[in-house]
Amino acid sequence: MDDLLLRGSTGKTHIELAVFTSTQLVKDAAQAHDLTGTSAIALGRLLTATALVGISGHRPGVTSIQILSQSRIQQIFADVTEHGWLRGYVKNRTLSHPLFLNEDLEGRRTIGPAVIPGQVSVVRMGDKGEYIQSATPLYNGEVDIDVDHFLNQSDQVASVVRCDTFLDRQQGIVAAGGLLIRALPDSRLEDITELREKIDGGLLSQLLRERKSATEIFEKLFPGAKETDPRVVPIWRCRCSKSKVTSTLRMLDVMELADMVAKDQPVEVRCELCNTNHIVSTSELEILMKSKTSAQS
Ligand SMILES: [Zn+2]
C-alpha cells in the first residue's frame, strides 16, 4: 500500500473526512532517527496526525504539533507544509516498552505511560509568518487521542483522530496510517458519535494491518462518501539544507571565519528535525571568508 492522503465528505450529513496511509513516511522517519519500538510508534502516530490536521485544514503555511512530556519520551515534534512535506523527531529515541497484559505484539500498543503527563500544543503558521498557537494538557498520552482531545477542547470542533503504527516481532514497522473526522457547521453530533464508535470497534486497525490502500479504507469506513479535494502524497522531507547553514555562517564577521579556517576544522551542523549532518569544509569556509573580505574592500 503506497502512502496517500484522501480528503472527502459524507454526503447528506456534511462531515469532513481524511484518510492517510503513511507506512513509507513512518519507515523513513524511523530510519532517519534510528528509532526503536515505543519511540517509533510515538513519532509515527504524531507524524500521521500532523499530516491529517495540517493538510485537511486547507490553510496555507505550516502546521506543527508538539508534545512536551514530563515522562520518559520527553518530547515529540512534527510539522507539515501545505504541500505535504513532513519532518519531526522524538527526544528519547530508544524507548521500547514491554507488552501490557492482554496486548498483542502486532496490534495497537499502549504508549501512554511513557508520555503522560505533559501538554500538546499546535502552531499554525501562515505563509506570511503570522501564527496561531494553543495548547491543552495531554489526555492519556497515546498521542493520536491527545490530538483528538486538543481539537475537541481547544478548537471546539467535534472531531475524531485515530492514528497508529504497527510493528512486527523484530520491532520493524509494518504498517502506519490514520484518519480524521471533523464536524462541519451543519453536521449532526450524533453522526460523529456513530462514526467514532465504528472506528473504535477496531475496523481501522484491522484495515491498516491488512495493508489496505487509502482508497479501500475510505470506501470501507465511509460508504457513500465522496472525495472533495485533490489527493496528496505526503513525504518525509526536511526543509533544512547546506545552503541555509552556509547563509548563517555568512553572517559571522571575517575574523571569526578566519579563526575557523586557521583551526582547519570543518563546521558540522546537525538538523535535529531530520538528523542530517551538514558539513562545511575548511576550503568552503575559506571561500566564504574571501568573498566577505572582497565585499568589504
Ligand atoms: Zn533537517
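Residues numbered from 1 in each chain as written. Predicted model: local features only at pLDDT ≥ 70, side-chain atom pairs only at ≥ 80, totals over all residues.

## A few points about the domain arrangement of the protein
Rule in force here: Delimitation of the domains relies on an automatic or database domain assignment. C-beta atoms are first placed from the backbone for all residues, and any pair lying within 7 Å is then listed as a contact. Every helix listed is a DSSP run of H or I at least four residues long, and every strand listed is a run of E at least two residues long, numbered separately from the N terminus.
According to the domain assignment, the protein consists of domain 1 (4-236) and domain 2 (242-296). Spacing between the C-alpha centres of domain 1 and domain 2 amounts to 38 Å. Contacts between domain 1 and domain 2 engage 5 residues on the former and 4 residues on the latter. Counting residues per element, the ones that place at least two in the side of domain 1 that touches domain 2 are helix 1 (23-33) and strand 5 (85-90).

## What to know about the sheet that holds strand 1 (residues 4-9)
Applied cut-off: Pairing between strands requires that DSSP locate at least two bridges from one strand to the other. The convention used is that axes are lines fitted to C-alpha atoms, helices contributing only their stretch in contact, and that angles between N-to-C directions extend from 0 to 180 degrees.
Across the sheet, which stays open at both edges, the 5 strands sit in the order 8-9-2-1-10 with antiparallel pairing between neighbours. The sheet is open, and its two edges are formed by strand 8 (159-167) and strand 10 (226-227), each paired on a single side. With 9 bridges joining them, strand 8 and strand 9 (residues 173-183) adopt antiparallel strand pairing. Bridging from a neighbouring strand, Phe166 pairs with Ala175 of strand 9. Across the face of the sheet, helix 1 comes into contact with strand 2 (15-21), strand 8 and strand 9 while running at roughly 120° to strand 9. Helix-sheet contacts for helix 3 (residues 144-153) involve strand 8 and strand 9, and the interaxial angle to strand 8 is about 170°.

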